[in-house]
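Geometric and topological summary
Here's the letter readout for the chains.
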Amino acid sequence: MGATRRMLATLVAAGLLLSGVQALCAQEGKGAAEPAEHGSLADFIHGSPRQPTEVWLRAAGGRIYDNWWESLDRKKPESTHPAYPKSGRRSGANTWRCVECHGWDYNGKDGLYGSGERYTGITGIRRAFGRDVKRIMTLLRAAPHGYKEDMINDEELRRVAIFVSRGQDNADRLIDLKTGNAKGDPARGAGLFQTTCAACHGFDGRALNWGTDKEPAYIGTEANSFPHEVLHKIRNAHPGAAMINLRGFPLKDAIDVLAFARTLPSK
């Protein structure tokens with residue numbers, strides 16, 4: 001029995017090591033001219049399918065909206081975006097992220113970013129829902145957005161435009177703005193979480209910690225503090241990570257998972 005356990009432990013460790021090496025290679029390969037090999041973990045994280053589906057395009061656009069340089073494996077901007085308001089409280093690379101001005105609820109100044117540290121006075125993208133994709137792409141290239149092709153090429157920019165035009169979820173109907181409670185079924189969400197998300201996050205959501213030992217940031221912590229952001233990542237995945245997403249499933253599944261995630265330990 002002991003030998004079997006040691007063998008299993010060795011296989012698990014080998015798998016984790018391989019994943020780590022592939023992820024490291026993806027980081028070290030930033031700026032390289034050679035594309036990632038199809039079928040590799042790096043290609044799953046930063047590349048694209050040979051025949052992208054509409055579902056994949058929406059999710060990929062959502063990740064670029066979140067953080068385009070992590071999503072696309074590009075050089076991180078060093079300057080503050082020229083159109084970022086002087087009254088804003090942010091600076092540097094983060095001001096180049098779409099979400100930094102338009103918000104996790106896509107409402108800009110009329111939603112979550114109506115006050116506080118992330119207030120910019122800039123409107124959201126909700127009005128662009130249903131708009132022509134080519135028109136959105138033109139707007140993203142022009143001032144004040146000013147995304148150059150060496151940052152986001154045309155094919156990638158189209159993914160963002162598709163997300164804006166056809167991929168926005170109306171969180172106003174799904175999350176209570178005052179309490180942050182998701183209008184889902186946590187019992188049903190538990191089944192979904194335990195059979196998918198737990199593979200990385202663990203059954204109690206504490207296998208991954210984005211914080212510190214003293215001030216942890218587990219999935220339960222984030223779901224209770226930033227439910228709109230967590231919903232966005234459940235639907236589109238986290239940029240630069242080998243994370244699954246539920247974009248190909250009914251929106252109700254994501255809301256139920258979020259509802260359950262808010263019951264998980266935050267410390």
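Residues numbered from 1 in each chain as written. Predicted model: local features only at pLDDT ≥ 70, side-chain atom pairs only at ≥ 80, totals over all residues. Heavy atoms only, no water.

**A word on the overall build of the chain**
Broken down by element type, the chain carries 11 helices and zero strands. Along the chain direction, N to C, the helices and strands of the chain fall in the order α-α-α-α-α-α-α-α-α-α-α. The 267 residues of the chain split such that 43% are buried. Total accessible area on the chain is roughly 14700 Å²; 56% of this is exposed by carbon and sulfur atoms. (Helix = DSSP H or I, 4+ residues; strand = E, 2+ residues; numbered from the N terminus. Buried < 20%, exposed > 50% of the residue type's maximum accessible area, 1.4 Å probe, protein only. Areas by Shrake-Rupley, 256 points an atom, 1.4 Å probe, with all protein chains shown as cover.)

**Side note on the pattern of salt bridges**
Applying the stated criterion across every chain yields a total of 18 salt bridges. The salt bridge partner of Lys109 is Asp110, with a shortest N-O separation of 3.2 Å. For Lys109, a relative accessible area of 32% gives the class partly exposed. For Asp110, a relative accessible area of 56% translates into the label exposed. (Salt bridge = Lys/Arg side-chain N within 4 Å of Asp/Glu carboxyl O.)

**Description of unusual backbone geometry**
Omega for the peptide link from Ala143 to Pro144 comes to 10°, which places this bond in the cis form. Within the element layout of this structure, Pro144 appears in the loop between helix H6 (133-141) and helix H7 (154-167). Located in the positive-phi region is Asp73, a residue other than glycine, with phi close to 60°. As for its position among the elements, Asp73 is in the loop between helix H4 (68-72) and helix H5 (98-102). In this structure, Ala237 takes a positive phi of about 80° despite not being glycine. The residue Ala237 is located in the loop between helix H10 (227-236) and helix H11 (251-261) in this model. The class of Ala237 is buried, set by a relative accessible area of 1%.

**As for the layout of surface pockets**
Estimated volume of the largest pocket: approximately 1300 Å³. Every residue lining the largest pocket is counted, 41 residues in all, and those nearest its centre are His201, Trp210, Lys233, His238 and Met243. Put simply, the parts of the chain that give the lining of the largest pocket at least two residues each are helix H1 (2-28), helix H2 (41-46), helix H8 (186-201), helix H9 (219-225), H10 and H11. Looking at the lining of the largest pocket, its residues break down into 25 nonpolar, 11 polar and five charged. (1 Å grid on protein atoms, 1.4 Å probe; cavity = no way out; pocket = protein on both sides within 12 Å on 5 of 7 lines; lining within 4 Å. Points joined across faces, edges and corners; volume = space filled by probe spheres on them. Nonpolar A, V, L, I, M, F, W, Y, C, P; charged D, E, K, R; others polar.)

**A look at the side chain of His228**
Relative to the elements of secondary structure, His228 occurs in helix H10. For His228, a relative accessible area of 7% puts it in the buried group. If sequence neighbours within four positions are ignored, His228 has contacts with Trp104, Asp105, Leu112, Ala171, Ile175 and Leu177. (Contact = heavy atoms within 4.5 Å.)

**Some points on the packing of helix H3 (residues 54-66) against H10**
Packing of H3 against H10 leaves a shortest axis separation of 8 Å and a crossing angle of 140°. Considering their axes alone, H3 and H10 lie oblique with respect to each other. By crossing handedness, the relation of H3 to H10 is classed as left-handed. On H10, the residues touching Arg58, Ala59, Gly62, Arg63, Tyr65 and Asp66 of H3 are His232, Lys233, Arg235 and Asn236. Looking at the contact of H3 with H10 residue by residue, the classes come out as two nonpolar, three polar and five charged. (Axes fitted to C-alpha atoms, helices over the stretch in contact; angles between N-to-C directions. Parallel < 35°, antiparallel > 145°, perpendicular 65-115°, else oblique. Left-handed = near helix turned anticlockwise from the far one by under 90°.)

Nothing here speaks to function; it is geometry throughout.
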